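Tertiary structure, described
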Amino acid sequence: MSGALVFENNFRKRVCAGESLVGAIVSLNSPQVAEIMADAGFDWLFVDAEHGAYGPLAVEALIQAVGNQMPCLVRIPVHEESWIGKMLDIGASGIIAPQVNTVEQAQQVVNYAKYPPLGERGVGVARAQRYGARFADYLEHANESLLTVIQIEHIDAVANVRELAAVGGVDALFIGPYDLSMSMGIPGQVADPKVQECIAEVLEVCREAGKIPGIFGLQSDAVRRYREQGFSLLGLGVDAVFLSSAATQALEKFRQ
Ligand code: 3PY
Ligand code: MG
C-alpha cells in the first residue's frame with residue numbers, strides 16, 4: 001500500500017471551479033507554524049520560497065507536515081526549471097510564479113511545470129511520485145491536476161494582462177497588491193484608487209478569459225471585500241506578521 005498522490009484531494013478542480021479558498025502565507029522555516037495554520041482552518045498554504053529563507057528540504061518538511069490536511073502551493077524565487085520541477089517533485093499542489101510581466105515569462109513557467117507534450121518538465125522519482133511506487137499514476141495525471149499560478153504584481157503585467165490571461169496552462173492570475181503599488185510609485189498604498197482600478201481590470205480580464213482570479217491581503221476585511229468583488233483564490237496574512245502583531249498587542253495591553 002503506497003501513499004496518496006498530492007492531487008487526490010482535487011485541489012485544482014476546486015480552484016478551477018471557482019470555489020472560494022483562503023490560504024495563508026508562510027515564510028517561517030517551521031513545520032510547526034504550518035501545522036498551526038492548518039489547525040486554524042485555512043484551505044491552503046502559500047509557501048513563500050520567494051521571500052522566506054527556505055531551501056527545498058525546508059519546503060518538503062512543511063509539505064510533509066501539512067500536505068495531507070491542506071494543499072500547499074509554493075511561490076518559487078525564480079522562474080527556473082530547477083525550482084519549478086523540484087517543488088512539484090517534492091509534492092507541491094502547484095506553483096505560484098511571482099512577477100510575471102510578459103507572455104514569454106508566463107510560457108516559460110508553464111513549460112517547466114508541464115510534462116511533455118504540453119511542456120518540458122523533467123521526469124524524476126521523488127516524494128510526489130511516492131518515491132517511484134506511483135510513478136505511472138502521477139505522470140498520467142500531473143499535467144491536468146497541478147496548479148500553475150502567475151502573479152500580476154507590476155504595472156507592466158497589468159498593461160499585458162489580456163495577453164497573459166490568454167496563455168494556455170495558466171490556471172490563475174494572482175494579484176500581488178503590494179508589489180503592484182511599489183511599481184506604481186505608491187508603495188504599500190493598496191487601497192489607492194489607482195491600485196484598485198488595476199485590481200478591477202485584472203478581475204474583469206480573468207472573467208472574460210475564464211481564468212481564476214486571486215489576490216492577497218493582509219487584513220481580513222480587505223480580503224472579504226476582494227471575495228465579494230469576485231476573487232476566489234484568496235491569500236490572507238503572513239505567519240510572521242500574525243506572530244509579530246499578536247506579540248506586540250499582548251505586550252502593549254500588558255503595559256497599559
Ligand atoms: C504582493 O502583494 O506583492 C504579493 O506578492 C502578495 O502575494
Ligand atoms: Mg509580491
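This write-up is about the structure you can find in this document. Per chain, the residues get numbers from 1 upward, laid out in the order the sequence is written. Chains carry letters and ligands carry numbers; both start at the beginning, A for chains and 1 for ligands, and go up in the order they are written. For this predicted model, a pLDDT threshold of at least 70 governs which residues receive local features, and a threshold of 80 or more governs which side-chain atom pairs are given and counted, while totals over whole chains, interfaces and linings are taken from all residues. As a rule here, side-chain values cover all heavy atoms of the structure and leave hydrogens and water aside.

Notes on helix H11 (residues 220–229)
Under the convention used in this document: Only protein chains enter the accessibility calculation, which uses a 1.4 Å probe; a residue whose area is less than 20% of its type maximum is buried, one above 50% is exposed, and one in between is partly exposed. Elements are defined by DSSP. Helices are runs of H or I of four residues or more, strands are runs of E of two residues or more, and each kind is numbered from the N terminus. Starting at the helix axis, one direction is taken to each C-beta atom, and the arc is that of these directions. Contacts were defined at the residue level, with two residues in contact if any of their heavy atoms lie within 4.5 Å.
Listing the buried residues of H11 in full gives Ala-222, Val-223 and Tyr-226. Angular distribution of buried residues about the axis of H11 spans 95 degrees; they occupy a single face of the element. In this structure, H11 carries Arg-225 and Glu-228 as exposed residues pointing more than 90 degrees from its buried face. Buried positions along H11 lie against helix H9 (177–183), helix H10 (193–209), strand S7 (212–217) and strand S8 (233–238). Phi for Gly-230, located one or two positions after H11, is positive at around 130 degrees.

Focus: the packing of aromatic side chains
Two measures describe an aromatic ring pair: the distance that separates the ring centres and the angle between the ring planes. The condition is simple: Any Phe, Tyr or Trp ring, taking Trp's six-membered ring, that has another such ring centre within 6.5 Å forms a pair; planes under 30 degrees apart are called stacked, those over 60 apart edge-to-face, and the others tilted.
Summed over all chains, the structure comprises eight aromatic pairs. Summarising the aromatic geometry, the rings of Phe-42 and Phe-242 are spaced 6.5 Å apart at their centres and angled 35 degrees between planes, so their arrangement reads as tilted. Of this pair, Phe-42 sits in the loop between helix H2 (31–40) and strand S2 (44–48) while Phe-242 sits in helix H12 (residues 239–255), and the two are 200 residues apart along the sequence. Assessed through its relative accessible area of 16%, Phe-42 is described here as buried. Ring plane angle 75 degrees and centroid distance 5.9 Å describe the contact between Tyr-226 and Phe-231, whose orientation is recorded as edge-to-face.

A closer look at the site of ligand 1
The criterion, for reference: Being near a molecule or strand, for a residue, means having at least one of its heavy atoms within 4 Å of it. Each polar contact in these results corresponds to two N or O atoms within 3.5 Å; when the atoms are within protein, one needs to be able to donate a hydrogen and the other to accept it, and residues that are neighboring in sequence are counted only if both atoms are side-chain atoms. Residue type decides the class: Asp, Glu, Lys and Arg count as charged, Ala, Val, Leu, Ile, Met, Phe, Trp, Tyr, Cys and Pro as nonpolar, and the leftover types, Gly among them, as polar.
Arg-75, Gln-151, Glu-153, Phe-174, Gly-176, Pro-177, Tyr-178, Asp-179 and Phe-216 make up every residue found near ligand 1. A distance of 2.8 Å separates an oxygen atom of ligand 1 from a polar backbone atom of Tyr-178. If you tally residues by element for the shell around ligand 1, the top one is H9, at three residues. Taken together, the residues of the shell around ligand 1 break down into four nonpolar, two polar and three charged.

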